[in-house]
Amino acid sequence: MSSSAPQHPRPADGHRLWSVDEHLADVLGAVRPLEPIELQLLDAQGCVLVEDVTVPVALPPFDNSSMDGYAVRTADVQGASEEFPAVLAVVGDVAAGSGELPTVGPGEAARIMTGAPLPPGAEAVVPVEWTDGGTGGGAAAGMTPASAAPEQAGGEVRVHRAAEARAHVRARGSDVQAGDLALAAGTVLGPPQIALLAAIGRGTVRVRPRPRVVVLSTGSELVQPGEPLTAGTIYDSNSFALAAAARDAGAIAYRVGAVADDADTLRSTIEDQLIRADLLVTTGGVSVGAYDVVKEALSSVGSASSSASSSGSAGTGEDDVDVDATRIDFRKLAMQPGKPQGFGTIGPDHTPLLALPGNPVSSYVSFELFVRPAIRTLMGLPESEVRRPSVRAVLKADEALGSPAGRRQFLRGKYDAESGTVSPVGGSGSHLIAALAHADSLMVVPEDVTSVEPGTELEVVLLG
């Protein structure tokens, strides 16, 4: 749950159009980073570290070999060549994990494996390929397994090349020293960071957990993929797209099968899902149609409590809904696609709920603009990592692109970093899923622009 009670969404102002920036600011103003918890390393993958982690012991903790070969004294192999090899007595094996180590004296060598500690007296490691491997023949290609030839841990080895001091030796603390900063607070823990934590002996770490996001799609016409279509039905793609997008943003996503256009069923489903949600996302049912069930369901819930909570609410607009003393606002945004939007907090823990439109492209664009930043804020990421990165690019198109006056339009595009250009993919229709699948960016046309000529520089939001 969030670390402090979120702010309520700002009251709606009649039927005015909200700007994209106003709506996003309202969403982020109601979201707080989740409370830190202690997690096992693998459970912490994808989470944000909330504390600096220092190195308790040097890494590596001892001088060790970077090669399979022989630990030697440099004086004993000085001037060694294939014609005149240095002949050394092998005093034993040093394997990785060895405890008691043989001492290497003058004229001696110890067979050593990669990662094994450098034995006392040794100053360098000569790779096995620089030796005869103890066979008395030519240059060795590798070592015979100890179990197959235990005698090679003794006898003699011929060294064909000289070695400088510390050759093929990983020095103690050459990676990190005790007391060094291993990872700073705010680091997102990926596989390399998990590896470092394990290497310095940390079994658990304190992080902000990955947000749990529940995705519900609505519509009696929706059928789950794999099932047969009947007259008037379509496959539910939104819940899959948004659940995948939530995972991509860093969340743990729970996809709920499509809910029919019935307000009671939707209310019951939302109530059931609250127990496992840090954020709820619905898609569909937020416009002005007779079957816009999300709006109906939340309005109905709110009407039961509106009389008790209205005295504590300021400036209730026509589309405002109170739910458990919190507010869900249904708004119209000055954007295309994605004009109808809903936002608020719901339930005893003030769980944020974002209600997105049902057209597939509208739904996905809305997720990228509003839900993804909310997820990243819940994770505790810095502001610079909350939104998708954007660049400036030159429009590459055969003709001018039209855009409605007063709306910020988001068009699917293909960005070419090498040329600094972006090309439109598909049309502007909010149902064109195939075009979305081939796009890697969104071209942003400002509210005051109605036509964009080829060669014009645009803001481009990168989706990959």
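Rules and cut-offs
Residues numbered from 1 in each chain as written. Predicted model: local features only at pLDDT ≥ 70, side-chain atom pairs only at ≥ 80, totals over all residues. Heavy atoms only, no water. Helix = DSSP H or I, 4+ residues; strand = E, 2+ residues; numbered from the N terminus. Contact = heavy atoms within 4.5 Å. Areas by Shrake-Rupley, 256 points an atom, 1.4 Å probe, with all protein chains shown as cover. Phe/Tyr/Trp six-rings, centres within 6.5 Å; stacked < 30°, edge-to-face > 60°. Lys NZ or Arg CZ within 6 Å of the ring centre and 35° of its normal. Pairing = 2+ DSSP bridges. Axes fitted to C-alpha atoms, helices over the stretch in contact; angles between N-to-C directions. Polar contact = N/O pair within 3.5 Å; in protein donor to acceptor, adjacent residues only side chain to side chain. Buried < 20%, exposed > 50% of the residue type's maximum accessible area, 1.4 Å probe, protein only. Expected span 1.5 Å × (residues − 1). Bend = angle between axes of the 7 residues up to and from the residue.

Engineer: Please clarify how the overall build of the protein should be interpreted in this entry.
Structural biologist: Looking only at helices and strands, one finds 8 helices and 30 strands in the protein. Here the analysis covers contacts within the protein between residues at least 6 apart in sequence; of these, 71% occur between residues at least 24 apart. If you sum the accessible surface of the protein, you get close to 20,600 Å²; carbon and sulfur atoms cover 51% of it.

Engineer: Whenever I open this one, the packing of aromatic side chains confuses me. Can you help?
Structural biologist: A ring pair, where both rings are aromatic, is described by two values, the distance of the centres and the angle of the planes. Applying the stated criterion across every chain yields a total of 0 aromatic pairs. Between the NZ or CZ atom of R255 and the centre of the ring of F240, over which it lies, the distance is 4.0 Å. Geometry around W18 places R331 over its ring, the cationic atom sitting 3.7 Å from the centre.

Engineer: Just to check I follow, could you spell out the sheet that holds strand β6 (residues 69-72) for this structure?
Structural biologist: Paired through backbone hydrogen bonds, the strands of a sheet run either parallel or antiparallel to each other. Taken in spatial order, the 5 strands make up an open sheet running β9-β6-β8-β7-β10, and their pairing is mixed. With partners counted over all chains shown, the strands left at the sheet margins are β9 (124-127) and β10 (156-159), one partner each. For this sheet, the mean inter-axis angle between neighbouring strands, taken without regard to orientation, is 40°. By the bridge criterion, 4 bridges tie β6 to strand β8 (residues 108-112) in an arrangement that is antiparallel. Of the residues in β8, the one forming a bridge with Y70 is R111.

Engineer: How do you make sense of the sheet that holds strand β2 (residues 37-40) when you look at a structure like this?
Structural biologist: Here we have 3 strands laid out as an open sheet, ordered β2-β13-β3, and antiparallel in their pairing. Unpaired on one side and paired on the other, β2 and β3 (48-49) mark the two borders of the sheet. Here 2 bridges tie β3 to strand β13 (residues 204-208), and the two strands are oriented antiparallel to one another. Each bridged residue has a counterpart across the sheet, and for V48 the counterpart in β13 is R208.

Engineer: Can you help me understand the pairing of strand β30 (residues 457-462) in this one?
Structural biologist: Both strand β24 (residues 390-395) and β30 contribute to a ladder of 5 bridges, which runs antiparallel. Directly across from R392, in β30, lies its bridge partner E459. As paired elements, strand β28 (residues 441-445) and β30 share 4 bridges and run antiparallel to each other. Within the sheet, the bridge partner assigned to V444 lies in β30 and is E459.

Engineer: Can you walk me through the side chain of E368 in this structure?
Structural biologist: Position of E368 relative to the elements: it lies in helix α7 (residues 360-378). Within the local environment of E368, its side chain forms a polar contact with the side chain of Y364, the two groups lying 2.9 Å apart. Among the polar contacts made by the side chain of E368, one reaches the side chain of R388 at a distance of 2.8 Å.

Engineer: So what exactly am I meant to see when it comes to the side chain of T282 here?
Structural biologist: Its place among the elements puts T282 in strand β18 (residues 279-283). Judged by relative accessible area, T282 falls into the buried class, the value being 1%. If sequence neighbours within four positions are ignored, T282 has contacts with L216, V294, L354, A355 and L356.

Engineer: Quick question: what am I supposed to make of α7 here?
Structural biologist: Residues that lie three or four places apart on an α-helix share one face, since the helix turns once every 3.6 residues. Between its first and last C-alpha, α7 extends 25 Å over 19 residues, near the 27 Å set by a 1.5 Å rise per residue. At F367, α7 shows its largest bend, some 45°. Of all 19 residues that make up α7, 19 are buried, and the element is covered over most of its length. Trailing α7 by a residue or two, G380 shows a phi angle of about 85°, which is positive.

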